[in-house]
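# Chains, contacts and geometry: an overview
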Amino acid sequence: MSENHLLSKNSAPHSDVEDIKIRSNYLRGKLEEVLEDRITASIPEDENRLMKFHGSYMQDDRDLRNERSKQKLEPAYQFMLRVRAPGGVVTPAQWLMMDRISKAYGNGTIRLTTRQSFQLHGVLKWNMKKTIREVHDSLLTTLAACGDVNRNVMCNPNPHQSDVHAEVYHWACRLSEHLEPQTKAYHEIWLDGEKVLDSQEAEQEPIYGKVYLPRKFKIGLAVPPSNDVDVFSQDLGLIAIVENGKLAGFNVAVGGGMGMTHGDPLTYPQVAKVIGFCTPEQVIEIAEKTVTIQRDYGDRSVRKHARFKYTIDDRGVEWFVSELTSRLGWGLAEARPYSFEDHGDRYGWVKGTGGKWHFTLFIENGRIKDEQDYQLMTGLQAIAEIHTGDFRLTANQNLIIANVTTAKKKKIEALIGEYGLTDGLRYSALRRNSMACVALPTCGLAMAESERYLPELLGKIEPLLAENGLSEENIVIRMTGCPNGCARPALAELSFIGKGPGKYNMYLGGGFAGERLNKLYKENIGEGEILDSLRVLLSHYAKDRNPEEHFGDFTIRAGYIQQVASGQDFHA
Ligand code: SRM
Ligand code: SF4
C-alpha cells in the first residue's frame with residue numbers, strides 16, 4: 001500500500017507528525033545538523049519527534065524551570081535515552097556500560113523501566129552521540145526504544161526456570177529483530193556509518209514503509225502461571241501454552257493498552273482479547289501481519305485515538321480476525337486453556353534448571369542510585385564485575401542476578417550482604433507489589449509526582465496495613481503522574497493517577513493476575529483523603545473478606561465499585 005494512500009485513507013486530515021515522518025527521509029530529518037548546533041542545548045520540535053525513533057526524548061528539568069526562567073535562561077534542556085533489551089536480558093559487561101555512561105553523561109542514576117529496558121536521564125545534546133555509540137558498542141541499541149514502531153519486546157524474564165522459558169525468550173528476540181526498523185539513518189547519524197545517499201543502495205523499510213506506524217506498538221510474551229509482563233496490556237500479547245512440558249505454541253491476544261486522557265471518554269485503557277492459538281513457528285508472521293494491519297488501518301489523524309486498541313474496538317475484533325486470516329492465507333486455531341496466578345515478581349534466591357542460582361532484588365520503582373545509607377548502584381557494579389551469568393530486568397521494575405553458578409554464589413551473597421541489597425522481604429507486601437512511573441522532574445507530561453512520592457505514601461499506608469494484620473497481604477498498587485499509564489495502573493488492584501500537584505484519582509478493583517481493569521473510585525483527592533479512604537477499605541477488607549479473596553475482588557464484591565469487563569465501560 002502506498003504512503004499517500006495510507007495518509008489519505010481517513011477523510012480527516014492526517015496529523016502533523018505524519019508529515020514530519022514522511023518528510024524525514026526514513027528518520028533523518030535535520031537531526032545531524034541540529035545536534036551540531038552549539039547555540040542552544042535544545043533541538044526543534046520536528047527533530048524531537050524523530051529523536052524518539054532513535055530512542056530519546058528532549059526534556060527539561062522541571063524542578064529548575066522557575067528559577068531558570070527568573071534568571072532569563074532557557075530551560076535546563078537534557079535528553080532521556082532509552083535502551084532496548086528484549087526480555088530484559090543483559091550481560092554483566094552491558095550492565096557495567098550502563099553504569100559507566102550514566103555517570104559520565106547522565107545524572108548518575110539508571111532507571112529500570114516497566115518494559116524491561118533501561119533509561120538514562122540528563123544527557124546533554126553534545127554528549128548524545130558518544131552515549132549512543134557506547135550503547136551500540138556493547139551490542140545494545142536505542143533504535144526503536146521509542147517512536148511509532150514496535151517497542152521493546154517484553155518476555156517473562158525467567159528462562160532459567162525451564163527450557164520452555166528459554167524457548168519463549170528466543171521468540172521474543174526473534175520478534176524484536178524481525179520488527180526492527182531497517183533505516184540506515186541510525187548508523188549514519190550516531191555511528192558515522194556510510195551515508196545511503198552517497199552509496200548505490202536504496203533505503204528500504206519493508207514492514208513499516210515511509211510513514212511508519214500511526215502510533216507506538218507493543219508486544220509481550222507471558223509464561224503462565226506468571227502474567228508479569230501484563231500480557232493484556234499489550235497491543236499484541238502472546239500467552240505460552242505448555243503441554244507435556246513442551247512449548248505447544250501461543251494464544252494470541254490483541255488490542256490492549258493503558259493510555260487515556262482525563263475527562264475524555266473516547267480514550268480508555270483496554271485489555272487485549274484472546275483470538276486464537278498458533279504454533280511457535282507461526283508467531284513471526286502473525287506479528288508482522290498484525291503490525292501491517294495497524295499500519296494500514298490505524299487512525300493517522302488523531303494521535304490520541306491512533307493506538308491499535310481503537311482500530312480493533314472501532315472495527316470489531318471479528319473484522320480484525322478476518323483481515324488477519326486473509327493476509328496470512330490461513331487461520332488461527334482455537335485458543336487453548338491457560339491460567340494466570342499473579343503479575344508480580346518472586347523475590348530472593350531460587351535454584352533453576354541446570355543447577356544455576358537466581359536472586360531477585362527489590363528495586364523500588366526501578367531507580368538504581370546510591371544513597372548515603374544504601375549503596376545500591378555501587379553494590380550492583382561490584383556484583384557485575386565478578387558475575388559470570390546475566391542480569392534480567394523484570395516487568396515490575398526489579399532486577400534478577402541470574403545464572404549464578406554454585407561456585408560464584410557465595411561471593412555474590414557476600415556482596416549482597418556487604419551492600420545490604422534487599423530482596424524486599426523487610427518491607428510490606430504492598431511495597432513489594434508497588435510500581436510507579438518516572439513522572440517529575442523529567443517527564444514533560446507529569447501532572448503530579450509519582451516515583452518520588454509513592455515510597456512516602458506507602459510509608460503512611462503501612463501502619464494501616466499493620467493495624468489490620470495485612471502487612472504480608474499481596475495487594476498490587478501502582479501510581480502514575482498522569483493518565484498515560486506508564487506503570488500500567490489500570491491493571492492494579494489499587495491505583496493512583498495524577499490529576500494535579502498533590503492530587504490523584506483513586507482506582508479500585510483490578511484483577512490480582514492483571515486480567516481485569518480497575519475503576520475510578522474517588523476523583524482528585526489529596527493525601528488526607530487517600531489515607532481516610534484506605535483506613536475504611538482496609539479495615540473492612542480485613543474483617544469481611546472471604547478466604548483467599550484478593551483486595552481487588554473484594555472491592556467489587558463489597559460494592560465499592562463495579563466490575564469493568566471492557567475498556568469501553570471504563571468511564572461508565
Ligand atoms: Fe510511557 C510517554 C516513561 C512505559 C504509555 N512514557 C512517556 C514519556 C516518554 C513522556 C513523554 O512522552 O514525554 C515518559 C518519559 C518519562 C521520563 O522522564 O523518563 C514515559 N513509559 C515510561 C517508562 C520509563 C515508565 C517507567 O516508569 O518505567 C516506561 C518505559 C518503557 C520502555 O522501556 O519502553 C513506560 N508507557 C509505558 C507503558 C507500560 C508498558 O508499555 O508496558 C505504557 C502503557 C501501555 C500502553 O502503551 O498502552 C506507556 N507513555 C505512555 C503513553 C500513552 C500512550 C497512549 O496510548 O496514549 C505516553 C504518551 C504518548 O505516547 O503520547 C507515554
Ligand atoms: Fe510521564 Fe505520565 Fe508516563 Fe508517568 S504516566 S512517566 S507522568 S507520561
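Summarised in this report is the structure supplied together with it.

About the thresholds
- Residues numbered from 1 in each chain as written.
- Chains lettered and ligands numbered in written order.
- Predicted model: local features only at pLDDT ≥ 70, side-chain atom pairs only at ≥ 80, totals over all residues.
- Heavy atoms only, no water.
- Buried < 20%, exposed > 50% of the residue type's maximum accessible area, 1.4 Å probe, protein only.
- Helix = DSSP H or I, 4+ residues; strand = E, 2+ residues; numbered from the N terminus.
- Pairing = 2+ DSSP bridges.
- Contact = heavy atoms within 4.5 Å.
- Axes fitted to C-alpha atoms, helices over the stretch in contact; angles between N-to-C directions.
- Near = heavy atom within 4 Å.
- Polar contact = N/O pair within 3.5 Å; in protein donor to acceptor, adjacent residues only side chain to side chain.
- Nonpolar A, V, L, I, M, F, W, Y, C, P; charged D, E, K, R; others polar.
- Salt bridge = Lys/Arg side-chain N within 4 Å of Asp/Glu carboxyl O.
- Donors = N, O, S within 2.8 Å, 3.2 Å for Na, K, Ca; no water.

### Some words on the pairing of strand E17 (residues 399–404)
Counting buried positions along E17 yields 6 of 6 residues, so the element is predominantly enclosed. In the sheet, strand E12 (residues 357–361) pairs with E17 via 4 bridges, with the strands oriented antiparallel. Each bridged residue has a counterpart across the sheet, and for Trp 357 the counterpart in E17 is Val 404. With 4 bridges joining them, strand E16 (residues 390–393) and E17 adopt antiparallel strand pairing. The partner of Arg 392 across the bridge, within E17, is Ile 400. Hairpin geometry of E16 and E17 is characterised by an intervening segment of 5 residues between the two adjacent antiparallel strands and by a positive phi of about 70° at Gln 397.

### Concerning the sheet that holds strand E10 (residues 273–278)
Sheet strands associate in pairs through backbone hydrogen bonding, adopting either a parallel or an antiparallel arrangement. What the 5 strands build is an open sheet, ordered E6-E7-E8-E9-E10; its pairing is mixed. In the strand order of this sheet, the two ends are held by strand E6 (154–155) and E10, each with one partner. As defined by bridge partners, strand E7 (residues 219–222) adjoins strand E8 (residues 236–243) across 4 bridges and the pair is classed as parallel. Residue pairing across strands places Gly 220 opposite Gly 237, the latter belonging to E8. Against the sheet, helix H8 (residues 163–178) makes contact with E6, E7, E8 and strand E9 (246–254), and its axis sits at roughly 45° relative to E9, the strand it touches most. Packing against the sheet, helix H12 (residues 317–328) makes contact with E9 and E10, and its axis sits at approximately 25° to E10.

### A few points about the site of ligand 1
Contacts to ligand 1 come from 28 residues, most closely from Thr 113, Ser 117, Gln 119, Cys 486 and Arg 488. Thr 114 is positioned such that a nitrogen or oxygen atom in its backbone is 2.9 Å from an oxygen atom of ligand 1. Between ligand 1 and Arg 307, the relevant distance is 2.8 Å, taken from an oxygen atom to a side-chain nitrogen or oxygen of the residue. Partitioning the shell around ligand 1 into residue classes produces 8 nonpolar, 12 polar and 8 charged.

### Let's talk about the pattern of salt bridges
A complete count under the given rule lists 41 salt bridges for this structure. Glu 527 is paired through a salt bridge with Lys 460; the nearest N and O atoms lie 2.8 Å apart. Note that Glu 527 is positioned in helix H17 (residues 527–544) and Lys 460 in helix H16 (residues 454–467), a separation of 67 residues in sequence. The partly exposed category is assigned to Lys 460, whose relative accessible area is 34%.

### A closer look at the site of ligand 2
Every residue lining ligand 2 is accounted for by Cys 437, Val 438, Ala 439, Cys 443, Leu 445, Ala 446, Thr 480, Gly 481, Cys 482, Asn 484, Gly 485 and Cys 486. Of the residues contributing to the shell around ligand 2, the split by class is 8 nonpolar, 4 polar and no charged.

### Considerations on the side chain of Arg 84
Here Arg 84 shows up in the loop between strand E2 (77–83) and strand E3 (89–90). A distance of 2.7 Å separates a polar atom in the side chain of Arg 84 from the backbone oxygen of Leu 143.

### Structural notes on the coordination of the iron atom of ligand 1
By definition of the ideal shapes, a tetrahedral metal site with four donors has angles of 109.5 degrees and an octahedral site with six donors has angles of 90 or 180 degrees. Exactly one donor from the protein chain reaches the iron atom of ligand 1: Cys 486 (SG), at 2.3 Å. Inspection of the secondary structure assignment puts Cys 486 in the loop between strand E19 (477–480) and strand E20 (494–500).

### Here's the deal with unusual backbone geometry
Note the cis peptide between Pro 224 and Pro 225, where omega equals 10°. The backbone of Tyr 26 shows a phi angle near 55°, a positive value even though the residue is not glycine. Structurally, Tyr 26 can be placed in the loop between helix H2 (16–23) and helix H3 (31–36). Backbone geometry places Arg 488, a non-glycine residue, at a positive phi of 50°. By the secondary structure assignment, Arg 488 is in the loop between E19 and E20. For Arg 488, a relative accessible area of 4% translates into the label buried.

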